[in-house]
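Letter by letter, the chains look like this.
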Amino acid sequence: MGDTLEFNEIYQESKGSWNDGRLRFSKQNLVYKSSKTGKVDNIPAAELSVATWRRVCLGHGIKLATSTGHVYKYDGFRDTDYERISEFFKANYKVELTEKDMCVKGWNWGTAKFSGPLLSFDVNDSSVFEIPLASVSQCATGKNEVTLEFHQNDDAEVSLMEVRFYVPPGTADEGADPVEAFAQNVRSKADVIQATGDAVCVFKELQCLTPRGRYDILIYPAFLHLHGKTFDYKIPYTTVLRLFLLPSKDQRQMFFVISLDPPIKQGQTRYHFLILHFSKEEELHLTLNMSEEEVEKRYEGKLSKNMSGSLYEMVSRVMKALVNRKITVPGNFQGNTPGAQCITCSYKAQSGLLYPLERGFIYVHKPPVHLRFEEISCVNFARGTTTTRSFDFEVETKQGNQFTFSSIEREEYGKLFDFVNAKKLDIKNRGFKEAKNNEYSDSDDDQHDAYLERMKAEGKIREEGDGSNDSDEETDESFNPGEESDVAEEYDSNASESDSGSGGDGSDEEGKKKKPAKKAKVVKETKERKPRKEKKQKDTNAPKRPMSSYMLWLNSSRERIKSENPGISITEISKKAGEMWKQIGKDDKEEWDGKADEAKKNYEKAMKEYRENGGGSSTPAKRESKKKAGGKKEDKKRKSGGVEKEKEQGGNDSFKSREFISSEESSSDGERKKAKKAKKAKGKPQRKGKESDEEEEEAMTTPPSSEEDSD
């Protein structure tokens, strides 16, 4: 037989759920490590007093009791394991592994026995069930009844809420109430928190991120009391799994994280992590509410009666001493930002910080996530969905859960990849490291991006202007009535090419068919691109708008900020100025507000004078543009009126284009008037109607000629 015995898939019951793990027997101790929580039970071999082998629901189990009063139960063994374990216990622990059967009669009347941290209900000296008193959250008494309420486990599908025991009268010692005696035995070992005595120390108004708010933290020897305006929480130290002390990315703030199992509850919300937020600049002088001898005896030099230092140091030091657990801090990982031991990312649409630790990852703060390397099956580096300047870090656990930390800057890729590789985690896309480095090194080397190509195409179209849409607009413009047409007509010089092609064979139908297409071709050649609308120009003589009080202060302080922070960038100047502006006193701000108000009054006065002198909406440039627009409209009206008049007078004349009419208008009118006067002098009859009336009016308005005088 070897020096050790190891068993895998050994289960430990915790508040109604089974947690698997690994159990190892050695000559020095017994060690059980839970695969789910990572919690380790270490039982020294010298303390082991009783070992019982019994049949349970998961095969066979072992119940171990120690001389210190603790009881441990592990299930999941086989029948064949009994002989090996029994021989090992006899040889190394000098303890006999005894077999004991459980009672399966199903009676509800028996004897309640308190043995250490267990309440055992027995029938005929055989145990029916056992209740771990550490799982009891509340103990209430009534007439001949004791009610036990239990802590709830989120992982258990079915939970036991309460158990009621009927205690008959006369079973206790004389002069004592049997119900109260039963309840007192339960409370002595149960996890029922009762604030007795004064607190060891008190921390006032600490900022808590989860649960959110400000709480007074009262430190008692056995539990932690969070007292807020709305909620109170009492957290026993036995529920604390781990402690983390994490520096923020700006190196000016600290996060103190307390991992809890079971979590604290606020209605239906459960908080598995308690996150306290501190500033490094906060100092505190702490005095413990104990004598120096008592402090030295209880905490063995870990604490002293009077302590002073940073607030986060005091809280972490006290918690470490009372909880008796190590504080986990970030390891050797260094991000792209100098001094930063974390990575900025997003999880479930909330921005936070991811800390690579020596044995896992922790994300703060909404919602907090702690992933141990032991429960991670693989990780994956994925390209960001919206931009090439970031990537996603995906973590898959052995239970099948996936956690995606997105929007990580591409500069962090190399550091994070090297860290994961050094921890020997399984990387899904390990073969693509070279490609990934190239991918995140320069955006010009990225693969084809449809969205980026579309944006480039739209930008090219904007640079070229509206020329690509001219062909679509030409058809509509050529048929607008009342406007000059750009279509080449038969009298235009550049229409000869189309005319010669249409009338070559003398066929009218072919000429009609070919004519529209050829005209459209000419239109394309003669159409000029529309000039762009000129951008509205600002009047340089107009008064400038006044600055705000912050901008006035910033202009006066910019050089001072640059001198105090050499090498600072423009964006950092703005951030630094914003922080300094917030810290400025009320009197200084009122002074700058007064300067801003004075500048505003001067601006209003100058604007009023500017408008009175013809500025603003009535500038000379605008008046000139309005005159030009009015002149163009009159020319259009005059031209359209001349065309209509020609149509009325020339009934049998051949059609003349607008270009022809506009160029020969003056000469044709003069010849027509002379012809009419000659006809009137010879005495020929004139046509009655609209044209004759117009001629009479013209005769009335024109001076008489020499021939009319002689008549």
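Just above sits the structure.
First, a word on what this report is: a plain description of the structure on this page. Not measured: the values here are computed from a predicted model. (Residues numbered from 1 in each chain as written. Predicted model: local features only at pLDDT ≥ 70, side-chain atom pairs only at ≥ 80, totals over all residues. Heavy atoms only, no water.)

Below, the discussion takes up a positive patch on the surface. Together, K302, K320, K326 and R359 make up a region of like positive charge exposed at the surface. Along the chain, the position of R359 falls in the loop between β26 (350-356) and β27 (360-364). Look at R359 and you get exposed, because its relative accessible area is 73%. (Patch = residues over 30% accessible without salt bridge, like charges linked within 9 Å, V, L, I, M, F, W, Y side chains within 5 Å. Areas by Shrake-Rupley, 256 points an atom, 1.4 Å probe, with all protein chains shown as cover. Salt bridge = Lys/Arg side-chain N within 4 Å of Asp/Glu carboxyl O. Lys, Arg positive; Asp, Glu negative; His and termini not counted. Charge placed at Lys NZ, Arg CZ, Asp CG, Glu CD. Helix = DSSP H or I, 4+ residues; strand = E, 2+ residues; numbered from the N terminus. Buried < 20%, exposed > 50% of the residue type's maximum accessible area, 1.4 Å probe, protein only.)

A separate point is the sheet that holds strand β10 (residues 118-123). One open sheet holds the 3 strands; their spatial order is β9-β10-β11, and the pairing between them is antiparallel. Sheet topology places β9 (111-115) and β11 (126-132) at the edges, where each strand pairs with a single neighbour. Neighbouring strand axes in the sheet, compared pairwise and without regard to direction, differ in orientation by 25° on average. Where β9 meets β10, 5 bridges bridge the pair, whose relative direction is antiparallel. When the sheet's bridge partners are listed, T111 is paired in β10 with D122. (Pairing = 2+ DSSP bridges. Axes fitted to C-alpha atoms, helices over the stretch in contact; angles between N-to-C directions.)

That bond from V364 to H365 is cis: its omega, 20°, falls within 30 degrees of zero. Tracing the backbone shows H365 in the loop between β27 and β28 (369-372). Note that the residue after K366, namely P367, is joined by a cis bond; omega there is -5°. On the secondary structure map, P367 appears in the loop between β27 and β28. In this model, K94 sits at a positive phi of 60°, which is unusual for a non-glycine residue. Relative to the helices and strands, K94 resides in the loop between α1 (81-93) and β8 (97-99).

Looking now at the sheet that holds strand β17 (residues 223-227). Spatially, 8 strands are ordered β18-β17-β16-β15-β21-β20-β19-β24 in an open sheet, and the strand pairing comes out mixed. Each edge of the sheet is formed by a strand with only one pairing partner; in this case those strands are β18 (232-236) and β24 (327-328). Across 4 bridges, the pairing between strand β16 (residues 213-219) and β17 is antiparallel. Across the sheet, residue D216 finds its bridge partner in β17, namely H227.

Moving on, we come to the nonpolar core. F203, I219 and L224 are the most contacted members of the largest nonpolar core, which totals 41 residues. The dominant element in this core, judged by the number of residues it contributes, is helix α4 (residues 311-323), at 9 residues. Those residues in contact with F203, other than ones at most four positions away along the chain, are Y215, D216, I217, I219, L284, L286, L311, M314, V315 and V318. Counting residues in each nonpolar core, the second largest holds 26 residues, with I343, L371, F381 and F403 among its members. (Core = buried A, V, L, I, M, F, W, Y, C linked by side-chain atoms within 4.5 Å. Contact = heavy atoms within 4.5 Å.)

This part takes up the packing of aromatic side chains. Note on aromatic pairs: each is described by the distance of the centres and the angle between the planes. Tallied over the entire structure, the rule returns 32 aromatic pairs. An angle of 40° between the planes, with centres 4.8 Å apart, marks the rings of Y32 and Y74 as tilted. Of the two residues, Y32 is situated in strand β3 (residues 29-34) and Y74 in strand β7 (residues 71-77); the sequence distance between them amounts to 42 residues. Taking the centre distance of 5.9 Å and the plane angle of 45° together, the rings of W53 and F77 count as tilted. You can see W53 sitting in strand β5 (residues 48-56) and its partner F77 sitting in strand β7, a full 24 residues away along the chain. Judged on exposure class, the residue W53 and its partner F77 are both buried. Note that K105 overlies the ring of W107, its terminal NZ or CZ placed 4.8 Å from the centroid. Over the aromatic face of W592 sits the side chain of K595, whose NZ or CZ is 4.1 Å from the ring centroid. (Phe/Tyr/Trp six-rings, centres within 6.5 Å; stacked < 30°, edge-to-face > 60°. Lys NZ or Arg CZ within 6 Å of the ring centre and 35° of its normal.)

Within the fold, R372 resides in strand β28. Polar side-chain contacts of R372 include one of 2.9 Å to the backbone oxygen of K36. At 2.9 Å, the side chain of R372 and the side chain of E374 are in polar contact. Excluding residues that lie within four positions of it along the chain, R372 makes contacts with S35, K36, T37, G38, R242, R359 and G360. (Polar contact = N/O pair within 3.5 Å; in protein donor to acceptor, adjacent residues only side chain to side chain.)

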